[in-house]
Amino acid sequence: MKFMWILLSIIIIAVIGIAAFMNLPRFGRLPRGERLERIQNSPNYSNNSFHNLSQTPSLTSDKSFFGLLFEFLFHKGTNLRPKNEIPVVKTDLMSLDQGEDVMVWLGHSSYYIQLEGKKILVDPVFYAASPVRFFNRPFNGTNIYEPSDIPDLDYLIVTHDHWDHLDYKTVKELKTRIGRVVCPIGVGGHFERWGYDNDKLVEMDWNESKLLDKNFTVYCLPARHFSGRGFKRNRTLWASFMLETPNQRVYIGGDGGYDYHFKDIANNFGTIDLAIMENGQYNENWRYIHLMPEDLITAIEDLGPDKIITVHNSKYALSNHPWNEPMRNIAAYAEKNRLNLLTPRIGEVVRIHDSTQKFSNWWEELE
């Protein structure tokens, strides 16, 4: 009987501890009130969940979630992390010519854009890509940017609320230097809990547009993915975005697998000057929620952009493919098919309108 009381006490303490941990501010807050009412009227929401355009199982194998988790944690693939530091460039973003249209990759899916005089930051993660910092450690040399390196921003764009795209500490430190936050509906609940004024939040459903400033429009577009920072999934929306000015269009792909929305986007917008696409952390066990290498190629062919940059690689090992496989695959395809692929190092400045700019195959410089 004494043993049973001890076991019960341990279980109760563990449950209380987990509940307290899950209630920490870093987990954000699920939608409620007027935000939840708007979500419930979305055509993409039913049965307490957002849904993709096509049926999308999260897992595509006969293994259970816990089986896949065990495999990921204890049966590691080969060459998941580079043995040496990733070659990077630490550009002073503050000193960039504000009149020049540029993009600077900051690692994984974080990047800085200047477009028509607007300063934009996308999916910033400078501290932790998971609830606790000792998981998902960045590759050596890649964690070179922090919030103090970022200029005062006109817009912060967040494609979804996963930890490797939305870092609590990063956006807390940037709060006073952001004009407005653009995000899919529901994600604003996190920002509101983190002290952001509600009138700074521009929450959008798929196929909605917003004129953010004169001659500067953002379109919220579909993606094939999922969301959630805790146990409850798909209570907030995930998305891709198109930035449109009178002179150009830049597509922000976010995360997600292949579906017919890429063709629809091309048909609706025509010329896309630059597409920033997910490339990495794919796996056959979850092939519908991230772009497999062959699906990335099909998506690019569907979109038909003038220039392509691929991200979501070379900072974290979130799958079991070799760390440099995503860049090797897309670079080989680009060379064979004369695809205008830009391959900047982390921190290297991409001048969006410079057709002569060249970049090295930096991922081949180390193992």
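Structural data are supplied above this passage.
Basis of the calculations
Residues numbered from 1 in each chain as written. Predicted model: local features only at pLDDT ≥ 70, side-chain atom pairs only at ≥ 80, totals over all residues. Heavy atoms only, no water. Helix = DSSP H or I, 4+ residues; strand = E, 2+ residues; numbered from the N terminus. Expected span 1.5 Å × (residues − 1). Buried < 20%, exposed > 50% of the residue type's maximum accessible area, 1.4 Å probe, protein only. Arc of directions from axis to C-beta. Contact = heavy atoms within 4.5 Å. Pairing = 2+ DSSP bridges. Phe/Tyr/Trp six-rings, centres within 6.5 Å; stacked < 30°, edge-to-face > 60°. Axes fitted to C-alpha atoms, helices over the stretch in contact; angles between N-to-C directions. Parallel < 35°, antiparallel > 145°, perpendicular 65-115°, else oblique. Left-handed = near helix turned anticlockwise from the far one by under 90°. Nonpolar A, V, L, I, M, F, W, Y, C, P; charged D, E, K, R; others polar.

J.: If you had to explain helix H8 (residues 325-337) to someone new, which residues and values would you point to?
T.: The first and last C-alpha atoms of H8 sit 18 Å apart over 13 residues, in line with the 18 Å expected at 1.5 Å per residue. The complete set of buried residues in H8 reads Pro326, Met327, Ile330, Ala331, Tyr333 and Ala334. For H8, the angular spread of buried residues about the axis comes to 165°, placing them on one side. Along H8, exposed side chains directed more than 90 degrees from the buried face belong to Glu335 and Lys336. Looking at the buried residues of H8, the elements they touch are helix H7 (293-303), strand E14 (307-311) and strand E15 (341-342). At the exit of H8 stands Arg338, carrying a positive phi of roughly 55°.

J.: Give a description of the sheet that holds strand E10 (residues 216-221) that names residues and reports values.
T.: An order of E9-E10-E11-E12-E13-E14-E15 is seen for the seven strands of this open sheet, with the pairing classed as mixed. Of all the strands in the sheet, the pair left with one neighbour each is strand E9 (208-213) and E15. One ladder, built from four bridges, connects strand E11 (residues 240-244) with strand E12 (residues 249-252); its direction is antiparallel. Among the inter-strand pairings, Leu243 is bridged to a residue of E12, identified as Val250.

J.: I'd like a rundown of the packing of aromatic side chains, residues and numbers included.
T.: Tallied over the entire structure, the rule returns 13 aromatic pairs. Their ring planes at 85° and their centres at 5.1 Å tell us that Phe27 and Trp163 sit as a pair that is edge-to-face. A residue pair is termed long-range when its members are at least 10 positions apart, and Phe27 in the loop between helix H1 (2-22) and helix H2 (33-40) and Trp163 in the loop between strand E6 (153-157) and helix H4 (168-174) qualify at 136 residues. A relative accessible area of 8% means that Phe27 is categorised as buried. Plain terms: the ring middles of Tyr219 and Phe269 are 4.9 Å apart, the flat faces sit at 80° to each other, and that makes the pair edge-to-face. Here Tyr219, found in strand E10, pairs with Phe269, found in helix H6 (residues 261-269); they are 50 residues apart in sequence, far enough to count as distant. Overall, the relative accessible area of 22% leaves Tyr219 in the partly exposed class. The buried category is assigned to Phe269, whose relative accessible area is 12%. An aromatic cluster is built from Tyr45, Phe50, Trp206 and Trp238, whose rings are joined through pairwise contacts.

J.: Explain the packing of H7 against H8 to me, and be specific about the residues and the numbers.
T.: Think of two packed helices as two axes; the pair is described by the angle between the axes and how far apart they sit. Interhelical geometry of H7 versus H8 gives an angle of 45° and a closest axis separation of 10 Å. The angle between H7 and H8 falls in the class oblique. Crossing geometry of H7 relative to H8 is assigned as right-handed. For the pair H7 and H8, contact is made by Pro293, Leu296, Ile297, Ile300 and Glu301 and by Asn329, Ile330 and Tyr333, respectively. Residues of the contact of H7 with H8, tallied by class, amount to six nonpolar, one polar and one charged.

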